[in-house]
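Coordinate inspection notes
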Amino acid sequence: MSFAKDRSAGYLVNHLARLFARGLSARIRPLGLTTGSFPALLELWEKDGLTQKQLVARLDIEQATMANTLARMERDGLIRRERDETDGRVQRIWLTDHARGLRGPATKAAMAENAEALAALTDSERAAFIDLMRRILAFRQGRPPGP
């Protein structure tokens, strides 16, 4: 059996991810956001005040990458870091008012990118595609698939 990139899940997912990232980047750049900070913002919009360690676990990225991302986000006025009230060794990451105000326009941009990218699929195909990706991610991360 020979390798065929047009039949390789890894190749296709990587290529698709780059196209999604390019499209999202163009949509959120006018908001002053990058695709590097967007996943952290999504997590913090859901639950503000997470620690860096919690963000690393939720996003499944390297500690050094998260540290660099947070430094850029702080520089750009998106987050502030504060010592935890009960454990002074821990810093909590808090959104600024500016970042909170970007939630609507940024998620609207992401939804528009998703809609455009998946326009070739029917509603049921889109739902199946997303379900299959979620199942694969859950399996690869060693956790049970959610609803």
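What you see is a predicted model, and the numbers here were worked out from it, not measured in a lab.

About the cut-offs
Residues numbered from 1 in each chain as written. Predicted model: local features only at pLDDT ≥ 70, side-chain atom pairs only at ≥ 80, totals over all residues. Heavy atoms only, no water. Helix = DSSP H or I, 4+ residues; strand = E, 2+ residues; numbered from the N terminus. Buried < 20%, exposed > 50% of the residue type's maximum accessible area, 1.4 Å probe, protein only. Contact = heavy atoms within 4.5 Å. Areas by Shrake-Rupley, 256 points an atom, 1.4 Å probe, with all protein chains shown as cover. Lys, Arg positive; Asp, Glu negative; His and termini not counted. Charge placed at Lys NZ, Arg CZ, Asp CG, Glu CD. Axes fitted to C-alpha atoms, helices over the stretch in contact; angles between N-to-C directions. Parallel < 35°, antiparallel > 145°, perpendicular 65-115°, else oblique. Left-handed = near helix turned anticlockwise from the far one by under 90°. Nonpolar A, V, L, I, M, F, W, Y, C, P; charged D, E, K, R; others polar. Pairing = 2+ DSSP bridges. UniProt positions renumbered as here; feature names shortened; annotations may be inferred.

**With respect to the overall build of the protein chain**
In terms of regular secondary structure, the protein chain is built from seven helices and three strands. Each helix and strand of the protein chain, ordered N terminal to C terminal, gives the series α-α-β-α-α-β-β-α-α-α. The principal-axis extents of the C-alpha atoms in the protein chain amount to approximately 55 × 35 × 30 Å. Every one of the 147 residues in the protein chain was classed for burial, and the buried ones make up 26%. Considering only residue pairs separated by 6 or more positions, the protein chain has 45% of its internal contacts joining residues 24 or more positions apart. Of the roughly 10,200 Å² of accessible surface on the protein chain, 56% is carried by carbon and sulfur atoms. Each charge sign in the protein chain was given a centre, from 24 positive and 18 negative side chains, and these centres are 3 Å apart.

**Description of the environment of Lys108**
You can see Lys108 is positioned in helix 6 (residues 103–117). Note: C-alpha distance between Lys108 and Met66 (42 residues apart in sequence) is 24 Å.

**Overview of the packing of helix 2 (residues 38–46) against helix 3 (residues 52–59)**
With their axes 10 Å apart at the nearest point, helix 2 and helix 3 run at an angle of 110 degrees to one another. Classified by the angle between their axes, helix 2 and helix 3 sit roughly perpendicular to one another. In this structure, the crossing between helix 2 and helix 3 has a hand that is right-handed. Facing helix 2, whose interface residues are Pro39, Ala40, Glu43 and Leu44, helix 3 presents Leu55, Arg58 and Leu59. Each residue belonging to the contact of helix 2 with helix 3 can be placed in one class, and the counts come to five nonpolar, no polar and two charged.

**Some words on the packing of helix 2 against helix 6**
Between helix 2 and helix 6, the least distance of the axes is 12 Å, while the angle of their chain directions is 120 degrees. The angle between helix 2 and helix 6 falls in the class oblique. Note on packing geometry: the crossing formed by helix 2 with helix 6 is left-handed. Touching Phe38, Leu42 and Trp45 of helix 2 are Arg103, Ala106, Thr107 and Ala110, all from helix 6. In terms of residue class, the contact of helix 2 with helix 6 is built from five nonpolar, one polar and one charged.

**Remarks on the sheet that holds strand 1 (residues 50–51)**
Spatially, 1-3-2 is the arrangement adopted by the three strands of the open sheet, whose pairing is antiparallel. The open sheet has two edge strands, strand 1 and strand 2 (79–83), and neither has a second partner. The strands that helix 2 touches are strand 1, strand 2 and strand 3 (91–95); relative to strand 3, the one it contacts most, it runs at about 90 degrees.

**Considerations on the UniProt feature "domain: HTH marR-type" (unreviewed entry) in the protein chain**
Within this numbering scheme, the UniProt entry marks residues 6–138 as carrying the feature "domain: HTH marR-type" (unreviewed entry). Helix makes up 65% of residues 6–138 and strand makes up 9%, while its end C-alpha atoms are separated by 24 Å.

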